[in-house]
Amino acid sequence: MSPTTVTADPPRTTPTETPAPPGRLTPALVLGAPALILLVVAIAAISLGPVTVPWGQVLQTFTDSDAPYGALVRDVRTPRVLVAALVGAALAVTGAVLQAVFRNPLADPGITGVASGAAVGAVTVLVTGVSILGAATLPVGAFAGAAVTTLVLLAVARLRQDTSPVTFVLVGITLGSFCSALTAALTANAPEDSAVRSVMFWINGDLTARTWSDVALCTAPILLGVAVLLSRHHVLDVLLLGEQTATSMGVDVRRQQLVLLLTCALVTGAAVAVSGVIAFVGLVVPHAVRLLIGPRHVLLLPASVCTGAAFLILADLGARLLFDPVVLQTGTVAALVGSPLFGYLVLRRSGAQGGLA
Amino acid sequence: MSAPLLSVRGLRIDRGPRTVLHGIDLDLRTGSVVGLIGPNGSGKTTLLSALATGATVTDGEIRCGDVDLTTAKPRIRARHVAFVPQQTRLGFDLTVREIVALGARIGAAPGRREHLVERALQRAGCAHLAERPATRLSGGECQLVHIARALAQNTPVLVMDEPTSALDLAHQITVLDLARTHADTSTDRPGGGAVIVSIHDLDLAARFCDRLVLLDAGRIVATGTPAEVLTPDRLARVYGIGVRTSRDPATGAVRVTALSPSLAGAS
């Protein structure tokens with residue numbers, strides 16, 4: 001039997017025209033617009049409140065020590081707005097970084113367990129009523145909790161010779177659950193009822209009565225950490241292609257992941273120490289920014305810094321102004337606005353292309 | 001004969017108590033496309049990822065020129081070997097051009113990167129996809145983009161793990177033609193580069209590769225031209241199934257037909 005041979009020439013086809021991608025904005029606009037919005041939002045937040053300070057006088061108070069409202073602007077509103085800006089920037093940028101490291105759009109700063117660790121530190125201070133460091137005792141306690149959790153993460157990575165993101169998440173979730181149990185036990189045994197209320201406030205994230213000492217405590221670790229993260233933008237781009245491909249493209253993946261995750265833990269710890277636990281900023285802001293400008297980290301990270309800062313300043317402004325006399329905390333407003341926004345983004349994306357990533 | 005572009009000597013890889021690769025010796029010469037064949041679990045992917053990422057080499061060396069890739073820094077290794085992995089999912093919404101540009105960052109100084117990106121997109125036949133987000137590509141398009149990214153790395157050696165397994169007829173040929181082109185006229189080097197590619201489809205391997213390396217249970221059991229390696233007895237032994245070989249009348253390449261046990265007796 002001889003094989004039957006049939007040949008055919010392919011039909012002539014013209015390459016199909018591809019529609020241009022949804023418009024990516026130019027770099028100048030991508031970085032300029034959020035920076036400008038942040039500046040405007042910051043000045044507006046300092047100006048607005050039960051007593052409204054006109055914009056001109058906001059700027060005047062920084063040059064003239066005798067300006068009207070000087071004390072209000074300098075000692076009350078400015079530190080509060082600065083803390084909101086630093087915390088918002090920290091949470092947003094760590095969210096963006098963790099999403100790339102885990103290649104998972106649902107990663108957020110809580111995933112390392114560091115936020116829960118900080119909560120144990122803070123709740124211990126609140127419940128026992130220790131005040132050896134005065135007003136700074138609470139944030140220092142929270143930061144200590146964050147630092148201990150970070151060291152446990154690092155120790156596990158070193159001992160097991162394994163710094164894969166999966167191990168990190170599992171250890172992070174374990175630490176988080178353990179810390180939540182500790183927090184619950186501490187709260188349940190609080191000697192005074194007022195302490196329980198303070199715990200509840202702190203756990204939900206609040207920026208009431210932040211002072212310059214809070215600003216001083218979190219500025220250095222946040223700015224330093226954000227600088228480290230921004231400098232790794234190229235590595236983060238390559239990590240999006242997968243670990244094996246990234247390794248073949250010259251990235252020391254294990255080492256870079258360790259640097260990135262520990263830096264995120266440091267930045268998260270510093271932020272949580274002065275603000276309490278604020279959810280959704282780290283999840284929603286990078287998502288929204290990525291939809292607008294695309295996933296390249298050279299733009300995504302700085303844009304997330306500005307947008308996260310502006311978002312939390314606005315959430316805090318909302319907490320101060322809206323619904324008076326109902327008490328709303330910054331973290332509550334962030335979640336009230338953030339969760340429906342996140343739901344909308346997820347549904348919109350999955351509707352458009354059947355998946356998140 | 002000139003020195004090989006890439007040479008592997010005594011490569012052993014252990015995974016826990018199990019030895020996955022036993023003392024592999026292999027040379028890749030300029031201008032050659034080497035096909036890596038063998039049953040599932042024979043160690044093809046382990047060998048290729050060791051070449052591409054230096055991953056977990058227990059013993060032996062992988063040399064490219066005067067660089068030992070098992071100890072070289074990842075950045076140095078990435079200038080010698082580019083890798084197209086088996087899994088092709090591309091992350092997030094980077095555009096095709098942005099992905100290929102990540103490869104070109106390794107391949108050239110800043111001034112020449114644009115040129116490298118354009119050339120890689122053209123060669124891999126995905127210039128028309130340049131502005132499309134990676135999440136909106138088909139499986140075949142993803143594979144071409146990965147290849148374009150690897151080409152933009154501008155390396156002498158290209159390592160491809162099962163590049164054709166998820167592709168339709170036309171894309172299979174496109175991809176293997178690209179391997180041929182890379183070997184013949186690669187990048188900026190006189191005489192071209194070298195490609196090592198793992199393929200399950202033995203007909204394709206025979207048609208597009210100069211040499212085949214047959215791997216079984218972590219050992220090389222045969223190397224040579226397709227006609228030398230693809231003998232019925234050897235394939236029957238390694239794959240554990242009856243095999244008949246013939247010549248493809250259209251291409252002249254060796255053609256392998258696996259026989260189901262009932263037919264094997266009749267042949």
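For clarity, every value in this text was computed on a predicted model and none was experimentally measured.

### Quick look at the overall build of chain A
Reasoning step 1: Assigned secondary structure in chain A consists of 14 helices and zero strands.
Reasoning step 2: Written out in order from the N terminus, the α and β elements of chain A read α-α-α-α-α-α-α-α-α-α-α-α-α-α.
Reasoning step 3: In chain A, which comprises 357 residues, the proportion classed as buried is 47%.
Reasoning step 4: Long-range contacts, defined here as pairs at least 24 residues apart, represent 77% of the contacts in chain A between residues at least 6 apart.

### Notes on the overall build of chain B
Reasoning step 1: Helix and strand content of chain B: 10 helices and 12 strands.
Reasoning step 2: Here the C-alpha atoms of chain B give a radius of gyration of 19 Å, agreeing with the 18 Å that 2.2 N^0.38 yields for 267 residues.
Reasoning step 3: Expressed as a percentage of the 267 residues in chain B, the buried residues total 49%.
Reasoning step 4: Within chain B, residue pairs in contact and separated by at least 24 positions form 63% of the contacts whose partners lie at least 6 positions apart.

### As for the interface of chain B and chain A
Reasoning step 1: Listed by partner, the interface residues are 31 residues for chain B and 25 residues for chain A.
Reasoning step 2: For the side of chain B that touches chain A, the elements supplying multiple residues, two or more each, are helix H1 (44-53), helix H2 (74-77), strand E6 (81-84) and helix H3 (96-107) of chain B.
Reasoning step 3: It is H3 of chain B that contributes the most residues to the side of chain B that touches chain A, five residues altogether.
Reasoning step 4: Partitioning the side of chain B that touches chain A into residue classes produces 16 nonpolar, eight polar and seven charged.

### Regarding the nonpolar core
Reasoning step 1: Residues Ala90 of chain A together with Ala148 of chain B are the most contacted members of the largest nonpolar core, which totals 188 residues.
Reasoning step 2: With 18 residues, the single largest contributor to this core is helix H3 (residues 70-101) of chain A.
Reasoning step 3: Among residues more than four places away in sequence, those in contact with Ala148 of chain B are Val100, Ala120, Leu121, Ala124 and Cys126 of chain B.

### Description of the sheet that holds strand E7 (residues 157-161) of chain B
All names here are of chain B.
Reasoning step 1: The six strands are arranged E6-E7-E8-E3-E9-E10 in an open sheet whose pairing can be described as mixed. Looking along the sheet, the strands with just one partner apiece sit at the ends: E6 and strand E10 (219-224). Direction aside, neighbouring strands of the sheet carry axes that sit 20° apart on average.
Reasoning step 2: In the sheet, strand E3 (residues 33-37) pairs with strand E8 (residues 194-198) via four bridges, with the strands oriented parallel. Looking at the pairing, Val33 lines up with Val195 of E8.
Reasoning step 3: Packed on one face of the sheet, helix H6 (residues 169-185) meets E3, E7 and E8 and runs near 155° to E8.

### Describing the pairing of strand E1 (residues 6-15) of chain B
Residues and elements named next belong to chain B.
Reasoning step 1: Here E1 pairs with strand E2 (residues 18-28) via seven bridges, running antiparallel. Paired with Leu6 across the strands is Leu28, a residue of E2.
Reasoning step 2: Taking the residues between adjacent antiparallel strands as the criterion, E1 and E2 are bridged by two residues, where Gly16 takes a positive phi near 60°.
Reasoning step 3: Summarising the sheet, E1 and strand E4 (residues 59-64) pair through five bridges and their orientation is antiparallel. What sits directly across from Val8, in E4, is Ile62.

### A few points about H3 of chain B
Residues and elements named next belong to chain B.
Reasoning step 1: Over its 12 residues, H3 runs 17 Å from end to end, which matches the ideal 16 Å to within 8%, given 1.5 Å per residue.
Reasoning step 2: Judged by how many residues are buried, H3 sits mostly within the fold: 11 of 12 residues are covered.
Reasoning step 3: All buried positions along H3 are accounted for by Val96, Glu98, Ile99, Val100, Ala101, Leu102, Gly103, Ala104, Arg105, Ile106 and Gly107.

### Here's the deal with the environment of Thr245 of chain A
Reasoning step 1: Along the chain, the position of Thr245 of chain A falls in helix H10 (residues 243-248).
Reasoning step 2: A count of 29 C-beta atoms within 10 Å places Thr245 of chain A in the buried class.
Reasoning step 3: Linking Thr245 of chain A and Val196 of chain A, residues 49 residues apart in sequence, is a C-alpha distance of 50 Å.
Reasoning step 4: Those residues within four positions of Thr245 of chain A in sequence are excluded, and the remaining contacts are Phe83 and Pro85 of chain B.

### Observations regarding helix H6 (residues 165-188) of chain A
Residues and elements named next belong to chain A.
Reasoning step 1: Here H6 is 24 residues long and its end C-alpha atoms lie 34 Å apart, about the 34 Å a rise of 1.5 Å per residue gives.
Reasoning step 2: Inspection of H6 places Pro165, Phe168, Val171, Gly172, Leu175, Gly176, Cys179 and Thr183 among the buried residues, and these make up the whole buried set.
Reasoning step 3: Where H6 is buried, its residues touch H3, helix H4 (114-128), helix H5 (137-160) and helix H11 (253-275).

### Considering the confidence of the model for chain A
Residue and element names in this part refer to chain A.
Reasoning step 1: On average, chain A scores 82 in pLDDT, and the residues at 70 or more come to 88%.
Reasoning step 2: Of all helices and strands in chain A, the one with the weakest mean pLDDT is helix H14 (residues 330-353) (77), whereas helix H9 (residues 233-239) scores best (94).
Reasoning step 3: Predicted confidence is poor over residues 13-23, with pLDDT under 50, and the contacts of this stretch with residues over four places away or in other chains come to 10 contacts.
Reasoning step 4: Scored below 50 in pLDDT, residues 352-357 makes 11 contacts in the model with residues more than four places away or belonging to other chains.

### Regarding the confidence of the model for chain B
Reasoning step 1: Here chain B shows a mean pLDDT of 89. Residues at 70 or above account for 93%.
Reasoning step 2: Reported confidence for the predicted complex is 0.89 by ipTM and 0.85 by pTM.

### A few points about unusual backbone geometry
Reasoning step 1: Here the phi dihedral of Phe280 of chain A falls at roughly 75°; this positive angle occurs in a residue that is not glycine.
Reasoning step 2: Note on placement: Phe280 of chain A falls in the loop between H11 and helix H12 (281-293).

### Brief notes about the pairing of E4 of chain B
All names here are of chain B.
Reasoning step 1: Where E4 lies against strand E5 (residues 67-68), two bridges are found, and the strand directions are antiparallel. The partner of Arg63 across the bridge, within E5, is Asp68.
Reasoning step 2: Taking the residues that link successive antiparallel strands as the turn, the E4-E5 hairpin has two residues, and the phi of Gly65 there is positive, at about 65°.

### Focus: the sheet that holds E4 of chain B
Strand pairing in a sheet is mediated by backbone hydrogen bonds. Such pairs are either parallel or antiparallel.
Residue and element names in this part refer to chain B.
Reasoning step 1: The strand order across the open sheet built from four strands is E2-E1-E4-E5, with neighbouring strands paired in antiparallel fashion. Each edge of the open sheet is held by one strand with a lone partner, namely E2 and E5.
Reasoning step 2: Of the strands in this sheet, E1, E2 and E4 touch H1, which is tilted by about 60° from E2.

### So, the packing of H12 of chain A against helix H13 (residues 297-321) of chain A
When two helices pack together, their arrangement is given by the angle between the helix axes and the distance between those axes.
Residue and element names in this part refer to chain A.
Reasoning step 1: The contact between H12 and H13 brings their axes to 9 Å, and the two run at 130°. By the angle between their axes, H12 is oblique relative to H13. In terms of crossing hand, the pair formed by H12 and H13 is right-handed. For the pair H12 and H13, the contacting residues are Val281, Val285, Pro286, Val289, Arg290 and Ile293 in the first and Leu299, Leu300, Ala303, Ser304, Thr307, Gly308, Phe311 and Leu312 in the second.
Reasoning step 2: Considered class by class, the residues forming the contact of H12 with H13 number 10 nonpolar, three polar and one charged.

### Digging into the environment of Leu186 of chain A
Residue and element names in this part refer to chain A.
Reasoning step 1: On the secondary structure map, Leu186 appears in helix H6.
Reasoning step 2: Judged by the 18 C-beta atoms lying within 10 Å of it, Leu186 is partly exposed.
Reasoning step 3: C-alpha of Leu186 to C-alpha of Val127: the two residues are 59 residues apart in sequence and 7.0 Å apart in space.
Reasoning step 4: In contact with Leu186, not counting residues within four places along its chain, are Val123, Thr124 and Val127.

About the criteria used
Residues numbered from 1 in each chain as written. Chains lettered and ligands numbered in written order. Predicted model: local features only at pLDDT ≥ 70, side-chain atom pairs only at ≥ 80, totals over all residues. Helix = DSSP H or I, 4+ residues; strand = E, 2+ residues; numbered from the N terminus. Buried ≥ 20, exposed ≤ 12 C-beta atoms within 10 Å, placed from the backbone. Contact = placed C-beta atoms within 7 Å. Rg over C-alpha atoms; globule rule 2.2 N^0.38 Å. Nonpolar A, V, L, I, M, F, W, Y, C, P; charged D, E, K, R; others polar. Core = buried A, V, L, I, M, F, W, Y, C linked by C-beta atoms within 7 Å. Pairing = 2+ DSSP bridges. Axes fitted to C-alpha atoms, helices over the stretch in contact; angles between N-to-C directions. Expected span 1.5 Å × (residues − 1). pLDDT = per-residue confidence, 0-100. Parallel < 35°, antiparallel > 145°, perpendicular 65-115°, else oblique. Left-handed = near helix turned anticlockwise from the far one by under 90°.

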